[in-house]
Amino acid sequence: QLRLVESGGGLVQPGGSLTLSCAGSGFTLGHYAIGWFRQAPGKDREGVSCIGTNHGGSNYADSVKDRFFISRDSAKNTVWLRMDSLKPEDTAVYYCAAVLAELCTLSSHEFDFWGQGTQVTVSS
């Protein structure tokens, strides 16, 4: 069974940093483009960042550009999202998702497999 497991969420102060991970179970992430999405109460699900395979690039939402950084490690079968200079408005449940494609978009409907999410709370 294909499974994605997010981890690394938690409580962090404004201006702090947090790194999320998305680990694959039952399949090799290297064949998939991976996206990070988030959803806060009362708001629509938002595409945050995505990364293609080794032949694809990465994309970021304007709201997180220059603060968030996506990377992947084939040996660990994991995709990371490093979040710097966190703001209260970054508070949300963060989900990773996968699609069998080289390139990625920030459109959730393009992704086939989803994790259960991890809570990120930015508060003093």
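Residues numbered from 1 in each chain as written. Predicted model: local features only at pLDDT ≥ 70, side-chain atom pairs only at ≥ 80, totals over all residues. Heavy atoms only, no water.

Draft legend 1. Layout of the environment of Cys 50. Along the chain, Cys 50 falls in strand β5 (residues 46-51). Cys 50 gets classed as buried once you look at its relative accessible area, which sits at 0%. Residues Cys 50 and Leu 103, 53 residues apart in the sequence, show an inter-C-alpha distance of 8.9 Å. (Helix = DSSP H or I, 4+ residues; strand = E, 2+ residues; numbered from the N terminus. Buried < 20%, exposed > 50% of the residue type's maximum accessible area, 1.4 Å probe, protein only.)

Draft legend 2. Local environment of the sheet that holds strand β1 (residues 3-7). In space, the four strands of this open sheet follow the order β1-β3-β8-β7, with antiparallel pairing throughout. Strands at the two margins of the open sheet, each flanked by one partner only, are β1 and β7 (68-73). Between one strand axis and the next, the sheet turns by 15 degrees as a mean value, whatever way the strands run. (Pairing = 2+ DSSP bridges. Axes fitted to C-alpha atoms, helices over the stretch in contact; angles between N-to-C directions.)

Draft legend 3. Fine view of the nonpolar core. Counting residues in hydrophobic clusters, the biggest one holds 27 residues, and the most contacted among them are Ile 34, Trp 36, Phe 68, Val 79, Leu 81, Met 83 and Tyr 94. Among the elements of the structure, β3 (18-25), β4 (33-39), β5, β7, β8 (78-83), β9 (92-99) and β11 (118-122) are those that each provide at least two residues to this core. Tallying contributions element by element places β9 first for this core, with four residues. (Core = buried A, V, L, I, M, F, W, Y, C linked by side-chain atoms within 4.5 Å.)

Draft legend 4. Structural view of the state of the cysteines. Applying the stated criterion across every chain, the model contains two disulfides. Paired by a disulfide, Cys 22 and Cys 96 hold their sulfur atoms 2.1 Å apart. Disulfide Cys 22 to Cys 96: torsion about the S-S bond roughly 70 degrees, handedness right-handed. You can see Cys 22 sitting in strand β3 and its partner Cys 96 sitting in strand β9, a full 74 residues away along the chain. For Cys 22, a relative accessible area of 0% gives the class buried. According to the relative accessible area criterion, Cys 96 is buried, its value standing at 0%. What pairs with Cys 50 in a disulfide is Cys 104, and their sulfur atoms sit 2.1 Å apart. On the S-S bond that ties Cys 50 to Cys 104, the torsion sits near 75 degrees, and the link is right-handed. With a gap of 54 residues between them, Cys 50 in strand β5 and Cys 104 in the loop between β9 and β10 (113-114) connect regions that are remote in the sequence. Classification of Cys 104 as buried rests on a relative accessible area of 9%. Each bonded cysteine in the protein gets a number by its place in the sequence, and the pairs come out as 1-3, 2-4. (Disulfide = S-S within 2.5 Å.)

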